[in-house]
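Notes for the structure review
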Amino acid sequence: MSTHPIAVFDSGLGGLTVLRALRDRLPHEDFFYFADTRFLPYGDRPETFLRERGVLIARALVERGAKALVIACNTATAAAAEAIRAAIELPVVALEPGVKPAVGLTKTGVIGVLATTRTLASERFQRLVGNHANGHRVIARPCPGLAEAIEAEGPDSAVVASLLDTFVTPLATAAADVVVLGCTHYPWVAEAIARRMPAGTVLLDTGEPVARQLERLLTAGGLLGGGHGHLTVATSGAPTAVSATVDRLFGQKLKIEHWEP
Ligand code: DGL
């Protein structure tokens, strides 16, 4: 079993920011990355759809022989993590916006959270803020259109720049000194976000803590090791449509498969 790949999935290519951290920490593991591009954006879809789709993908990844699953998507986690955990027996690593670490870092007491509409509307996110905000002000800013624009137009496009002006500038005005990147697509535009905030603003993404958690679970389950550092990338959309973006974002030429869970 330990020779089997670790499955990672997202609505699209945002989860590659998580995958990068996973491969940095566990370079000898094999990974199967699935971008559910046909249904991007998850952020505007109903919770029931995301729950059913998440369980379907997780079951198909088990069938494919995965030894562990990383849900590299905040939106899918918010809607489907519990259902996925109940449906499969593999170790599952889910991620959530880094509100907890942000609370320990803020000096102004104002924390900005950028995420999808669905993530911020979820009960899971409301609970996270309710349990951990600890009297701090949390400005939760939905960013409709941003994940799609990053993929379709590119991180440096004029469309992305104008969306960031709309979503990020109010956080600077409100004196937020920590910005939580609560969607795995947003680390691709971290520099552009930082440029719109005062110097010294901390941007938090979840790649590294997720990698540590995955390592802990693999170790506890006796599943660590056995791979050769192989990476397979698959999409439910057209491989040709995402390959240029993958190469640009990931800085490496990768062969992309079509896969229908
Ligand atoms: N990358 C996903 C996340 O972390 C969402 C992007 C989308 O809306 O599909 O929330």
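Provided above is the structure to which this section pertains.
These numbers were taken from a predicted model, which means no experiment stands behind them. (Residues numbered from 1 in each chain as written. Predicted model: local features only at pLDDT ≥ 70, side-chain atom pairs only at ≥ 80, totals over all residues. Heavy atoms only, no water.)

**Remarks on the overall build of the protein chain**
Rule in force here: Numbered from the N terminus, helices here are DSSP runs of H or I no shorter than four residues, and strands are runs of E no shorter than two. Taken over C-alpha atoms, the radius of gyration is set against a globule rule of 2.2 Å times the number of residues to the power 0.38. For every residue, the accessible area obtained with a 1.4 Å probe (protein chains only) is divided by the maximum for its type, and the residue is called buried under 20%, exposed over 50%, and partly exposed between those limits. Contact between two residues is taken to exist if any of their heavy atoms lie within 4.5 Å; hydrogens are not considered. For every accessible area listed, the method is Shrake-Rupley and the probe measures 1.4 Å; residues are considered covered only by the protein chains on display.
The helix and strand tally for the protein chain stands at 11 helices and 10 strands. Taken over the C-alpha trace, the protein chain has a radius of gyration of 18 Å; the compact-globule value for 261 residues is 18 Å, and the two agree within 12%. A principal-axis box enclosing the C-alpha atoms of the protein chain has dimensions of 50 × 40 × 35 Å. The proportion of buried residues among the 261 residues of the protein chain is 55%. In the protein chain, once contacts between residues fewer than 6 apart in sequence are set aside, the share between residues at least 24 apart is 75%. A total accessible area of about 11,100 Å² is found for the protein chain, and carbon and sulfur atoms account for 52% of it.

**Some points on the pairing of strand E1 (residues 6-10)**
Short version of the rule: We call a crossover right-handed when, viewed with both strands directed away from the observer, the connection leading from the first strand over the helix to the second proceeds clockwise. Two strands qualify as a pair provided that DSSP identifies no fewer than 2 bridges between them.
Here E1 lies mainly inside the structure; five of its five residues are buried. Taking every second residue as pointing to the same face, both faces of E1 are buried, with Ile6, Val8 and Asp10 on one and Ala7 and Phe9 on the other. Since E1 and strand E2 (residues 31-35) lie parallel, the crossover through helix H1 (residues 16-25) that links them has a hand, and here it is right-handed. Where E1 and strand E3 (residues 68-71) come together, four bridges link them in parallel fashion. Bridge pairing links Ala7 to Leu69 in E3.

**A short note on the layout of surface pockets**
Over the atoms, a rolling probe the size of a water molecule traces out where space has been left empty. Just so we agree on the cut-off: Using only the protein atoms, space was sampled on a 1 Å grid; points where a 1.4 Å probe fits but cannot get out form cavities, open sets with protein on both sides within 12 Å along at least five of seven lines form pockets, and lining residues are those with an atom within 4 Å of a point. Grid points are joined across faces, edges and corners, and a volume is the space filled by probe spheres set on the points. Gly falls in the polar group here, along with every residue not listed as nonpolar (Ala, Val, Leu, Ile, Met, Phe, Trp, Tyr, Cys, Pro) or charged (Asp, Glu, Lys, Arg).
When its volume is computed, the largest pocket comes out at roughly 340 Å³. Lining of the largest pocket is provided by 18 residues; of these, Glu96, Gly98, Pro101, Thr206 and Pro209 occupy positions nearest its centre. A per-class count over the lining of the largest pocket returns 11 nonpolar, three polar and four charged.

**Concerning the pattern of salt bridges**
Defined as follows: One speaks of a salt bridge when a side-chain nitrogen belonging to Lys or Arg is within 4 Å of a carboxyl oxygen belonging to Asp or Glu.
Taken as a whole, this structure holds 11 salt bridges when the rule is applied. Among the salt bridges present, the one from Lys67 reaches Glu29, with a minimum N-O distance of 2.7 Å. With Lys67 in the loop between helix H2 (47-63) and E3 and Glu29 in the loop between H1 and E2, this pair connects stretches of sequence that are 38 residues apart. A relative accessible area of 3% places Glu29 in the buried class. Arg64 serves as the salt-bridge partner of Glu257, at 3.9 Å between the closest nitrogen and oxygen. Taken together, the residues Glu257 in strand E10 (residues 256-258) and Arg64 in the loop between H2 and E3 connect sequence positions 193 residues apart. On the basis of relative accessibility, which here comes to 28%, the residue Glu257 falls in the partly exposed class. Overlapping salt bridges bring together Asp36, Arg38, Arg53 and Glu260 as one network.

**Quick look at the site of the ligand**
The condition that has to hold: Nearness here has a simple test: a residue counts as near a molecule or strand if at least one of its heavy atoms is within 4 Å of that partner. Polar contacts, as used here, are pairs of N or O atoms within 3.5 Å; protein pairs need one atom able to donate a hydrogen and one able to accept it. Residues neighboring in sequence count only if both atoms are side-chain atoms. More than half of a molecule's atoms lying within 2 Å of a cavity's or pocket's grid points is what places that molecule inside it.
Residues in close proximity to the ligand total 14 residues, the closest being Ser11, Tyr42, Gly43, Thr75 and Thr184. Measuring from a nitrogen atom of the ligand, one finds a side-chain N or O atom of Asp10 at 3.0 Å. Here an oxygen atom of the ligand and a backbone polar atom of Gly43 are 2.8 Å apart. Within the complex, 99% of the 300 Å² of free accessible area of the ligand lies under protein. A majority-of-atoms criterion places the ligand in the largest cavity.

**Quick notes on the state of the cysteines**
The test is simple: To count as a disulfide, a pair of cysteine sulfur atoms needs to be within 2.5 Å.
Tallied over the entire structure, the rule returns zero disulfides. Cysteine Cys143 remains unbridged, with the sulfur of Cys183 as its closest cysteine sulfur at 7.9 Å. Left unpaired, Cys183 is separated from the closest cysteine sulfur, that of Cys73, by 6.7 Å.

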